[in-house]
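# Working through the structure, step by step
The chain contents come next:
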Amino acid sequence: SSTVDSTFLYDTFPDKFMWAVGTAAYSVEGAWEKDGKGKSIWDTFTRGGTRISRGDVGSDSYHNIPGDLRALQQLGVSHYRFSLSWPRIFSNGTKESYNEKGVEYYKSLIRGLKEIKVQPVVTLYHWDLPDSLQTLFGGWSNSVMVELFREYADFCFKTFGSDVKFWITIDNPFVVAWHGYGTGVVAPGIKNDSDLPFRVGHNLLKAHAAAWHLYDDRYRSSQGGRVSMALASHWIKPSRTRQENRKACQCSLDFVLGWFARPLFVDGDYPPCMKRNLTHRLPSFTEAESLYVNGTADFFALSHGPALSFQLINDSLRFAQTEDLGLRMLLYWVGAEYNNPPIFVVESGWFGSGNTKTKDAKQMYYLKPIRFDRVNVIGYTAWSLLDGYEWYREYGIRRGLFFVDFNTPDLKREPKTSATFYSNLIEKNGFPQLPENRPTQGVFPCDFAWGVAANSIQVKF
Ligand SMILES: *[C@@H]1O[C@H](CO)[C@@H](O)[C@H](O)[C@H]1NC(C)=O
Ligand SMILES: *[C@@H]1O[C@H](CO)[C@@H](O)[C@H](O)[C@H]1NC(C)=O
Ligand SMILES: *[C@@H]1O[C@H](CO)[C@@H](O)[C@H](O)[C@H]1NC(C)=O
Ligand SMILES: *[C@@H]1O[C@H](CO)[C@@H](O)[C@H](O)[C@H]1NC(C)=O
């Protein structure tokens, strides 16, 4: 495929293609205990163990709505994906602990977006669980979370929903379940029970389904939005063409993407290969639950990017196959496996090392799957708007299109090369065949920027 992929396609994206950029509350907001915000599991997680820094200040977005809006305007995006911090809205996680000032922050942000004509794409849960729910109930390992999440979602739909057309319930449930409650790499950092991730995954799916049904029953007709869960995946290429290898590849994808995608998009149940491999370790859905979970995604929200590099820290999930970052193949597979749903790429991008300043390059390579493979990609989200606190990598990597100088008191935002590249791409809605469109060698090395490179990028730790 690399010979086909190495020919650059000059073309434009479909009309109304959504160009977005995103952030997660804990990486950018800071203000970790301001104005009545409760502690999240990240606030406690980063205070334990060997971690050397925290997201207490992040990129200080809580105090800099104007700066973030300016950056969005400079990019010219049509959509901004951000997440709500649950403990900022309900400080201990329950509706009784409603925090007016936290809600005001998000109302101001949404008002500001409206003024610059950028549509919000809102994530309800991007990993920052109210700490008291972890302490009192064991967090997502407890099925009480299903109802607590539903109440939180209800409040958010009611409060912000008239201005929101795209909702993501939960970001990357694989990372939450596997790395939060299995390897312990991310908060809450639990790693003493190898079956726990599957119970957590089960509760995440039910919580998502509960929020989707609530939206469908009570809000959809008046608010007209769409709801999904953001699923991330790597792509695995068969080492050889032997049948066993192809099965192993399928199984590797099933253990990451299929774990959540199959229940939502196919039949309300786990992939057969997971059930065979895990037997009783995998919880089961009753028939009624399967019906309840099946079909609870209005579009396919796909994440593709460095998250996958830590998905594969665990070798057993590789099934002895080779990791491959081929986005075209992944999109093709999602289309084929899940009955050609509309795909909104809700996170995509690569990162530079912590000391990269404003020169970087990002791959933007979505034209071919749309044009040649007829995959229905409806939007793309570059990740992220700003450099910020990058989870277990802390400030060691930078993912922003805007550079943030963490050493200045005002945490100044400065556009990187990728911001200029992205805003040109958005303005032209793709790469029409114009002389000025040809990449300049040295600024965007063809091999890198044009996506062949999917195969050659080295993900370093
Ligand atoms: C959460 O806070 C509210 C308001 O302070 C209180 O009424 C409630 O009991 C608390 N719930 C939990 C689970 O801590
Ligand atoms: C694992 O650790 C948690 C606390 O982090 C504890 O509550 C739980 O009982 C432990 N589980 C097992 C199986 O040891
Ligand atoms: C499940 O997969 C793992 C990882 O490849 C393998 O070691 C194990 O033998 C499998 N178990 C079953 C019951 O198939
Ligand atoms: C699951 O939902 C899809 C449509 O969303 C439907 O085609 C399929 O028949 C359902 N499967 C089951 C087992 O209910």
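Treat the numbers as computed from the prediction; the structure is a model and nothing was measured.

## Quick look at the nonpolar core
Within the largest apolar cluster, 121 residues are counted, with the highest numbers of intra-cluster contacts made by L84, W86, W140 and W167. Element by element, the count of residues in this core is highest for helix 10 (residues 196–223), at 12 residues. Excluding residues within four positions of it along the chain, W86 makes contact with G93, Y125, D128, L129, P130, L133, W140, M145, L148, F149 and Y152. In this structure, V121, A230, F299 and A301 belong to the second largest nonpolar core, which totals 10 residues.

## What about the state of the cysteines?
Throughout the structure, instances matching the rule amount to one disulfide. Linked covalently through their sulfurs, C251 and C273 form a disulfide whose S-S length is 2.0 Å. A torsion of 75 degrees about the S-S bond marks the disulfide between C251 and C273 as right-handed. Placement of C251 in helix 11 (residues 243–267) and of C273 in helix 12 (residues 272–278) is noted, with a sequence separation of 22 residues between them.

## Comments concerning the site of ligand 1
All residues in the neighbourhood of ligand 1 are listed as N92, T94, E96, S97 and L136. The side chain of N92 places a nitrogen or oxygen atom 2.3 Å from an oxygen atom of ligand 1.

## Observations concerning the site of ligand 4
The local shell around ligand 4 consists of V266, D267, L291, N294 and G295. Contact with the protein chains removes 36% of the 360 Å² of surface that ligand 4 exposes when unbound. Of the residues that constitute the shell around ligand 4, the class distribution is two nonpolar, two polar and one charged.

## A few points about the pairing of strand 11 (residues 377–383)
Among the seven residues in strand 11, seven count as buried, and that is most of the element. The pairing of strand 1 (residues 18–22) with strand 11 spans five bridges and is parallel. If you follow M18 over to strand 11, its bridge partner there is G379. When strand 9 (residues 343–348) meets strand 11, the two strands line up parallel, connected through four bridges. Each bridged residue has a counterpart across the sheet, and for I343 the counterpart in strand 11 is V377.

So, how was this worked out
Residues numbered from 1 in each chain as written. Chains lettered and ligands numbered in written order. Predicted model: local features only at pLDDT ≥ 70, side-chain atom pairs only at ≥ 80, totals over all residues. Heavy atoms only, no water. Core = buried A, V, L, I, M, F, W, Y, C linked by side-chain atoms within 4.5 Å. Buried < 20%, exposed > 50% of the residue type's maximum accessible area, 1.4 Å probe, protein only. Helix = DSSP H or I, 4+ residues; strand = E, 2+ residues; numbered from the N terminus. Contact = heavy atoms within 4.5 Å. Disulfide = S-S within 2.5 Å. Near = heavy atom within 4 Å. Polar contact = N/O pair within 3.5 Å; in protein donor to acceptor, adjacent residues only side chain to side chain. Areas by Shrake-Rupley, 256 points an atom, 1.4 Å probe, with all protein chains shown as cover. Nonpolar A, V, L, I, M, F, W, Y, C, P; charged D, E, K, R; others polar. Pairing = 2+ DSSP bridges.

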